[in-house]
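Summary of the model geometry
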2 protein chains.
Amino acid sequence: MKFVIQRNRLVQAVNEVTRAISSRTTIPILTGIKITVNDEGVTLTGSDSDISIEAFIPLIENDEILVEVESFGGIVLQANYFSDIVRRLPDDSVELEVTTNYQTNIRSGQASFNLIGLDPAEYPKLPEVTAGKSIQIPISVLKNIVRQTVFAVSAIEVRPVLTGVNWIIKNNILTAVATDSHRLALREIPLATEIDEEYNIVIPGKSLSELNKILDEGTDSIEMVLANNQILFKLKDLLFYSRLLEGSYPDTSRLIPTETKSDLIINAKSFLQAIDRASLLARENRNNVIKLMTLENGQVEVSSNSPEVGNVSEKVFSQSFTGEELKISFNGKYMMDALRAFDGADIQISFSGTMRPFVLRPKDAENPNEILQLITPVRTY
Amino acid sequence: MKFVIQRNRLVQAVNEVTRAISSRTTIPILTGIKITVNDEGVTLTGSDSDISIEAFIPLIENDEILVEVESFGGIVLQANYFSDIVRRLPDDSVELEVTTNYQTNIRSGQASFNLIGLDPAEYPKLPEVTAGKSIQIPISVLKNIVRQTVFAVSAIEVRPVLTGVNWIIKNNILTAVATDSHRLALREIPLATEIDEEYNIVIPGKSLSELNKILDEGTDSIEMVLANNQILFKLKDLLFYSRLLEGSYPDTSRLIPTETKSDLIINAKSFLQAIDRASLLARENRNNVIKLMTLENGQVEVSSNSPEVGNVSEKVFSQSFTGEELKISFNGKYMMDALRAFDGADIQISFSGTMRPFVLRPKDAENPNEILQLITPVRTY
């Protein structure tokens, strides 16, 4: 293998694939980046066996030569050394050459590195995602769906399926649900693509978080392909594979209360700031407990008490409060996570009693499942 | 104690004094910020008993009212809670009121916090630095002196005096020296103030690093006052006290070689980049060993070898190399620290043999001690 490549394109591809690489892997070769070159271009691969990322650099793009190949081949190089090296190389172009025994020479300007590589044939094969029906979705929409649900996955492995986000595709509607059994985040959007099949999959929360970090905001679309135990997100020159979680996801629809006893209309941004302040003292408590109490004139009071430190209370003006007077306690972090999903818009919080889960939705939402955040209260009053 | 204060000024003062506060202190009250108010203004104090910082907010500044006092007094509040709270308060002004049992009420907008405080009389007294002869020095100069020497202090406490920077003031010249016995950094500048006395003090490296973080770049001067075991840096509305280290600092002047066998003139920036690249593989070694070898035509080669990872070599063009051919090895981190002190200027490196310390100075330096960096080589060749 021998080729010359534009350094900035190599750096970008290395940054992308290293997102999948974990130093804590149990498979030593997965601490490396696989680099292969053929008559189409250079491919870099990184994987922790849950997530695999493949970045491609074509020989020519927009009449500009990105790669000049002298001989085909492949190598696996230690990701931490290789990425530090390519980032600091002095020249705009880099030459990579594999000599004997997987020794790899990296040259740029006056600098010359020799790294001891590994046999690329030893690198695990990527999952085969045969071209099934693919779904197109705008990147900005996908990023929002992920951001508004992924925080609610379970952080503990007691029920592994809850560490993922459940995606259901049915009647051209994508429903994403995450719950750690104390709170639930739900997002529903119509798909532009006609989908005849029905899908019900669980994507690991960590995969979706990493995917969101890689995706740039923009108007482009991304293609999703579903296969056995794998989902593949396809961008131009970038493939992102994630393993799917096994096991059936619980039916969460029955958790969502259908009746309501009190409704609070409030601005998500100003409410978030008040909860954030009340949480400053609440974090001493194990559950970060915040109390909410309705006052007169549509005001609510949020408060928190930490016996050794002190207490805090704040009146917040709502747009309206209707129904039964209310005293309720909840986890402040859950409330802040949920409120952030609404991007500062006005919201409606529907309560059905002090010990019943309550639900946050956009004010005047046409579809009650467009964005739904559910929180189970904490018993204190 | 009861007063109303502009929130942004309070936040600034809190940020300044918390630099001195350590959560690992053995004196519990030092995890707090002392706040006092009198007929001149509000004073905040933070201390870890080595460093103490006092920030002052006057009642009125430039015809603008900063503080409105209702009653004098003082309190000590937990630094972590108090700083989180003031940063997040909703309104531009804050009211602080101490009620019974050191309970302190903090109000801003609709938010109201009660913190349990401590008796300010229990807070340790700040050192008394009686107004001796004070020395004026431009802040930008002081920041450079610190930056160009403090990295060379010893990180280990075997010889405590070496964890500080030795400042000698004599004949209106300030000489700052730091050494960990493997390398040495020296900086010498003439002082504008006439100083009759001679001083020889050792300031903890940590104090100087913290001072540099607080000082803003600018054209203002800072005043330094020396007293028993303390140095006080005085800015408008800010006092920075540091304990001095006891014990006599070694005489380092005899460590600096007077003869030279070879001289390399090279640009500090391009040399730093080459050393940085060579260090990428060297860090696996315990001493981060880099080799330097002279080639023909005024070129030098920097290289490094890490048996399990690989090797790197790079030719660097120098402006000139004169004297004996050279092969020498050194700690790459020490070299990078030293090179950074020259801000990318052209430098002269004077070698007096493979196992003798070598010295970096600005090219064509008029005063050989203006900036001097000394590094002891490592035996490998």
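Rules used throughout
- Residues numbered from 1 in each chain as written.
- Chains lettered and ligands numbered in written order.
- Predicted model: local features only at pLDDT ≥ 70, side-chain atom pairs only at ≥ 80, totals over all residues.
- Heavy atoms only, no water.
- Helix = DSSP H or I, 4+ residues; strand = E, 2+ residues; numbered from the N terminus.
- Buried < 20%, exposed > 50% of the residue type's maximum accessible area, 1.4 Å probe, protein only.
- Contact = heavy atoms within 4.5 Å.
- Areas by Shrake-Rupley, 256 points an atom, 1.4 Å probe, with all protein chains shown as cover.
- Lys, Arg positive; Asp, Glu negative; His and termini not counted.
- Charge placed at Lys NZ, Arg CZ, Asp CG, Glu CD.
- Buried area = accessible area lost by both parts, 1.4 Å probe.
- Salt bridge = Lys/Arg side-chain N within 4 Å of Asp/Glu carboxyl O.
- Polar contact = N/O pair within 3.5 Å; in protein donor to acceptor, adjacent residues only side chain to side chain.
- Nonpolar A, V, L, I, M, F, W, Y, C, P; charged D, E, K, R; others polar.
- Pairing = 2+ DSSP bridges.
- Least-squares fit on C-alpha atoms with pLDDT ≥ 70 in both.
- UniProt positions renumbered as here; feature names shortened; annotations may be inferred.
- Phe/Tyr/Trp six-rings, centres within 6.5 Å; stacked < 30°, edge-to-face > 60°.

Let us look at the overall build of chain A. For chain A, the count of helices and strands is six helices and 28 strands. Judged by the C-alpha coordinates and their principal axes, chain A covers about 80 × 55 × 40 Å. Out of the 381 residues in chain A, the part that is buried amounts to 54%. The long-range share in chain A, meaning contacts at least 24 apart out of those at least 6 apart in sequence, stands at 66%. Looking at chain A as shown, the accessible area adds up to about 17600 Å², and 45% of this sits on carbon and sulfur atoms. In chain A, 37 positive and 50 negative side-chain charges are present, and the distance between their average locations comes to 8 Å.

So, on to the interface of chain B and chain A. Chain B puts 31 residues into the contact, and the matching count from chain A is 31 residues. Interface area for chain B against chain A, summed over the two sides, is near 2800 Å², with a carbon-plus-sulfur share of 54%. If you sort the residues of chain B by the area they bury against chain A, Tyr81, Arg88 and Gln110 of chain B come out on top, with a joint share of 23%. Scanning the region where chain B abuts chain A turns up two salt bridges. Taking the shortest distance from any N to any O, the salt bridge between Asp276 of chain A and Arg88 of chain B comes out at 2.8 Å. Our count for the contact surface shared by chain B and chain A stands at 12 residue pairs in polar contact (both at pLDDT 80 or more). Going through the elements one at a time, α2 (79-88), β11 (111-116), α5 (268-282) and β23 (310-317) of chain B are the ones with two or more residues in the side of chain B that touches chain A. The element contributing the most residues to the side of chain B that touches chain A is β23 of chain B, with seven residues. Grouping the constituent residues of the side of chain B that touches chain A by class yields 14 nonpolar, eight polar and nine charged. Direction of pairing for strand β11 (residues 111-116) of chain A relative to β23 of chain B: antiparallel, over a ladder of five bridges.

Glancing now at the relation of the copies chain B and chain A. Relating one copy of the chain to the other requires a rotation about an axis plus a shift along that axis. Mapping chain B onto chain A calls for a rotation angle of 180 degrees and an axial translation of 0.0 Å; the resulting RMSD is 0.0 Å. On the angle and the small slide along the axis, the relation comes out as a two-fold axis. A share of 100% of interface residues in chain B that are also interface residues in chain A marks the association as one of identical surfaces.

This next bit is on the UniProt feature "domain: DNA polymerase III beta sliding clamp N-terminal" (unreviewed entry) in chain A. Under the UniProt annotation, the feature "domain: DNA polymerase III beta sliding clamp N-terminal" (unreviewed entry) is placed at residues 1-127 of chain A. Between the end C-alpha atoms of residues 1-127 of chain A there is a gap of 25 Å, over a span that is 17% helix and 46% strand.

All names here are of chain A. Evaluation of the coordinates by the stated rule reveals eight aromatic pairs over all chains. With 6.3 Å between their ring centres and 85 degrees between their planes, Trp167 and Phe233 make a pair best called edge-to-face. Of this pair, Trp167 sits in strand β13 (residues 164-170) while Phe233 sits in strand β18 (residues 230-235), and the two are 66 residues apart along the sequence. The exposure class of Phe233 is buried, given its relative accessible area of 2%. With a centroid separation of 5.1 Å and an interplanar angle of 35 degrees, the aromatic rings of Phe351 and Phe358 are classed as tilted. An aromatic cluster is defined as three or more aromatic residues linked by ring pairs; in this entry it consists of Trp167, Phe233 and Phe240.

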